[in-house]
Amino acid sequence: MGSFQRTRRREGLITVEEAQSRVLAEVAALPPEDVPLPEAHGRVLREDIIAPEDVPCADNSAMDGYAVRAADVAHASESQPAMLRVVGDIAADGDPSVNVSPGMAVRIMTGGAIPTGADAVVQVEQTDAGRDEVRVFRAVDAGTNVRRRGEDMRRGDVVLRAGLPIGAGELGVIANVRRHAVRAGRKLSVAILSTGDEIVSGRIANSNSHALAALTRDAGCEPRVLPPVADDREATKRVLITALESDVVVSSGGVSQGAYDFVKDALDEIGADTKFWQVLMKPGKPIIFSRARERPIFGLPGNPVSCIVGFLLFVRPALRKMMGQTSNLLLPAVNARAAVPFDSRGDRRMYFRVQVVAQDGGLVAYPARAQGSGVSTSMVGANGLGWLEIGSTRVDTGSSLPVLLFAPVLSELWRTNG
Ligand code: AMP
Ligand code: MG
C-alpha cells in the first residue's frame, strides 16, 4: 500500500497569476523555419515583413465608371449633364496609356489604372453609360473614386511585425508583397499522455487525450498521443522519457495526493525540475509544471474539466510563446452580466464554464447546467471561464461577472444539455 503524497515547501499553493508568470518566464521561442505560404496559416510570423514596392503600384479606380477631368464635370447636374467624348476603355488589367484631354473621358473598370489627364472617376450609375459619348449627371471633386498608389503599403514600410499570428488577413498581406514562403514558428510536437489504471483498462473512456489533442491543434501545434499508462511509478517514468522526444509534454491524471498518483514522483526520479504543483483554483488545484531536457512538462489533473481549464490557462500560452507569439498570450477578460447567481466557497478562485452571449449591446454569461470538475458536458458550447475571486462567495443575477474568453462571443445561446 502506498502512502499519500506530501507537498514540499516551494511547491506550495500559488495563485493563477503567479503560476502563469512562472510558466511564461520558463519558456522561450524555439528556432523558426521557412514555410511555404499555404502552410503558414495558424503559425506565428518570425520576421518583419517589409513592402518592397508601393501597393497599389499605380493610382487606380475604386469604381466601374468613367475616368474624367473633375473640372469638366464641375457644373454637371441631372438637368444639365456634362457631355464627354469616350476615347478609350480600361479594364482592371488594361493599358492606361490613353490621354484624357479636356472634354474627354475613358471608360474604366474597378482596379483599372487611372489614365493621364484624368483626376477622378464618375460612377457608372451617375452617367447614362454611353459608349461613344457619355452624359455625366453629377459633379465630382478631383480624387473622387481614385485609390492612390501606395495607399495600402508604401515601399519600405514594415507591414507586419514578427510575433504576430498568421491568419487570413496576414496571409493576404504576405502574398501581396509577393512572398511565396515566410519565416514562421515551428509547429511544436506536443506529447499527450494519459495516466490511470481505469483508463488503461478502458473502464473510463480516455476522453482527455481527445480533448487535449484538439486543444493542441487549436493552438497551432501537432499532438502526439501516446498510449495510456497504468498507475505505476516505473511505467510512468518510461513513458515520460519517451514523451520528452517531443517539444512539450502534457499529461493528464495522477497529480493529486492519492497513493497512486505517480506523476510527481516519476518526474523527480527522471531528474525533472518541478516549478509548481498546486494552484489556488477550482477546478484544477493540483497542476504540475516541471521541466526536463529543456522541455516544459505540464501535469494536468485527470478530471476532464480541470484538464481543459489547466490547458487553457497554462499550456496554451506557453505553446504560443514557444512558437514565437509576443503578445496576447493570456486569455482576455471581459465583464458580463450574470444570467443566474454564481456561488463559490470562496477558498480558492472558482472558475465556471459559461456561454458568453452578446445581448442588447452587452454581454451575458450563462452557466453550464452542472459545474462539477468531472462533468464533461459542462464544457459543451462554453466559450468562457467566469470566475469568483478568493473571498468572494456570490455574484447575483444581473451583477457583473468577470469572464476569460477562450472562444468568440456568441450571437445566441447554444441550447445544450437541459
Ligand atoms: P486523477 O487526476 O488521476 O485522480 O483522476 C481524476 C478523475 O479523472 C478520475 O475520476 C479519473 O477516472 C478521471 N480521468 C483520469 N484520466 C482521464 C482521462 N484520460 N480521460 C477521462 N477521465 C480521466
Ligand atoms: Mg488517476
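All of these numbers come straight from a predicted model, not from anything done at the bench.

### As for the overall build of the protein chain
Moving on, step 1. Secondary structure summary: the protein chain contains 7 helices and 25 strands in total.
Moving on, step 2. Rg of the C-alpha trace for the protein chain: 30 Å, well past the compact-globule value of 22 Å for 418 residues, more than 25% over.
Moving on, step 3. C-alpha atoms of the protein chain, sized along the principal axes, occupy 100 × 50 × 35 Å.
Moving on, step 4. Residue pairs in contact within the protein chain that sit at least 24 positions apart in sequence constitute 72% of those at least 6 positions apart.
Moving on, step 5. Counting only carbon and sulfur atoms, one obtains 49% of the accessible surface of the protein chain, whose full area is about 19,800 Å².
Moving on, step 6. Taking the average location of the 48 positive side-chain charges in the protein chain and that of its 49 negative ones, the two points are 7 Å from each other.

### Some points on the packing of aromatic side chains
Moving on, step 1. Across all of its chains, the model carries 5 aromatic pairs by this definition.
Moving on, step 2. On the numbers, 5.7 Å between centres and 35 degrees between planes, the contact of Phe276 with Phe289 is tilted. Taken as a pair, Phe276 in strand S15 (residues 273–278) and Phe289 in strand S17 (residues 286–292) lie far apart in primary sequence, 13 residues in all.
Moving on, step 3. Exposure remark for Phe276: the relative accessible area of 1% places this residue in the buried category.
Moving on, step 4. A connected cluster of aromatic rings, assembled from ring pairs, spans Phe276, Phe289, Phe298 and Phe314.
Moving on, step 5. Taking the ring centre of Trp277 as reference, the NZ or CZ of Lys264 above it sits at 5.5 Å.

### A closer look at the site of ligand 1
Moving on, step 1. Around ligand 1, the structure places 15 residues, and the nearest of them are Glu198, Asn206, Asn208, Gly254 and Gly302.
Moving on, step 2. Contacts to ligand 1 include Ser207, whose backbone N or O atom sits 3.3 Å from a nitrogen atom.
Moving on, step 3. Between ligand 1 and Asn303, the relevant distance is 3.2 Å, taken from an oxygen atom to a main-chain nitrogen or oxygen of the residue.
Moving on, step 4. Coverage of ligand 1 by the protein chains reaches 78% of its 490 Å² of free accessible surface.
Moving on, step 5. Contributions of two or more residues to the shell around ligand 1 are made by helix H3 (197–201) and helix H4 (207–218).
Moving on, step 6. Its residues assigned to classes, the shell around ligand 1 shows 4 nonpolar, 10 polar and 1 charged.

### Examining the sheet that holds strand S6 (residues 104–108)
Moving on, step 1. Spatially, the 5 strands line up as an open sheet ordered S7-S4-S6-S5-S8, and their pairing is mixed. Both outer strands of the open sheet, strand S7 (120–123) and strand S8 (133–136), are each paired with one neighbouring strand and no more. Within this sheet the neighbouring strands show an average axis-to-axis angle of 40 degrees, counted without direction.
Moving on, step 2. As paired elements, strand S5 (residues 82–90) and S6 share 4 bridges and run parallel to each other. Counted as the bridge partner of Asp89 is Arg107 from S6.

### Comments concerning the packing of H4 against helix H7 (residues 304–323)
Moving on, step 1. Close contact between H4 and H7 brings their axes to 10 Å; oriented N to C, the two are set at 25 degrees. Judged on the interaxial angle alone, H7 and H4 are roughly parallel. With respect to the hand of their crossing, H4 and H7 are arranged in right-handed fashion. Residues Ser207, Asn208, Ala211, Leu212, Leu215, Thr216 and Asp218 of H4 touch H7, and the partners they reach there are Pro304, Cys307, Ile308, Phe311, Leu312 and Arg316.
Moving on, step 2. Of the residues assigned to the contact of H4 with H7, the class counts are 8 nonpolar, 3 polar and 2 charged.

### Some thoughts on the sheet that holds S15
Moving on, step 1. Spatially, S13-S12-S14-S18-S17-S15 is the arrangement adopted by the 6 strands of the open sheet, whose pairing is mixed. Two strands in the sheet have a free side with no partner beyond their single neighbour: strand S13 (222–225) and S15. Going from strand to strand, the sheet's axes swing by 20 degrees on average, the running direction of each strand aside.
Moving on, step 2. Two elements, strand S14 (residues 248–252) and strand S18 (residues 295–300), share 4 bridges in a ladder whose sense is parallel. Paired with Ser251 across the strands is Gly299, a residue of S18.

### Comments concerning the side chain of Arg348
Moving on, step 1. For Arg348, the location among the structural elements is in the loop between strand S20 (342–343) and strand S21 (349–359).
Moving on, step 2. An unpaired buried charge is present at Arg348: no salt bridge exists, and Asp347, the closest side chain of opposite charge, is 4.1 Å distant.
Moving on, step 3. A polar side-chain atom of Arg348 sits 3.0 Å from the main-chain carbonyl oxygen of Met281.
Moving on, step 4. With residues near it in sequence (within four places) discarded, Arg348 still touches Leu280, Met281, Lys282, Lys285, Leu388 and Ile390.

### Here's the deal with the environment of Arg148
Moving on, step 1. The topology assignment puts Arg148 in the loop between strand S9 (146–147) and strand S10 (158–160).
Moving on, step 2. Taking the C-alpha atoms as reference, Arg148 lies 8.9 Å from Ser61; in sequence the two are 87 residues apart.
Moving on, step 3. In this structure, Arg148 is in contact with Pro56, Asp59 and Gly143, ignoring residues within four places of it in sequence.
Moving on, step 4. In this structure the side chain of Arg148 is engaged in a polar contact, spanning 2.8 Å, whose partner is the side chain of Asp59.

Cut-offs used in this document
Residues numbered from 1 in each chain as written. Chains lettered and ligands numbered in written order. Predicted model: local features only at pLDDT ≥ 70, side-chain atom pairs only at ≥ 80, totals over all residues. Heavy atoms only, no water. Helix = DSSP H or I, 4+ residues; strand = E, 2+ residues; numbered from the N terminus. Rg over C-alpha atoms; globule rule 2.2 N^0.38 Å. Contact = heavy atoms within 4.5 Å. Areas by Shrake-Rupley, 256 points an atom, 1.4 Å probe, with all protein chains shown as cover. Lys, Arg positive; Asp, Glu negative; His and termini not counted. Charge placed at Lys NZ, Arg CZ, Asp CG, Glu CD. Phe/Tyr/Trp six-rings, centres within 6.5 Å; stacked < 30°, edge-to-face > 60°. Buried < 20%, exposed > 50% of the residue type's maximum accessible area, 1.4 Å probe, protein only. Lys NZ or Arg CZ within 6 Å of the ring centre and 35° of its normal. Near = heavy atom within 4 Å. Polar contact = N/O pair within 3.5 Å; in protein donor to acceptor, adjacent residues only side chain to side chain. Nonpolar A, V, L, I, M, F, W, Y, C, P; charged D, E, K, R; others polar. Pairing = 2+ DSSP bridges. Axes fitted to C-alpha atoms, helices over the stretch in contact; angles between N-to-C directions. Parallel < 35°, antiparallel > 145°, perpendicular 65-115°, else oblique. Left-handed = near helix turned anticlockwise from the far one by under 90°. Salt bridge = Lys/Arg side-chain N within 4 Å of Asp/Glu carboxyl O.

These figures capture arrangement, not role.
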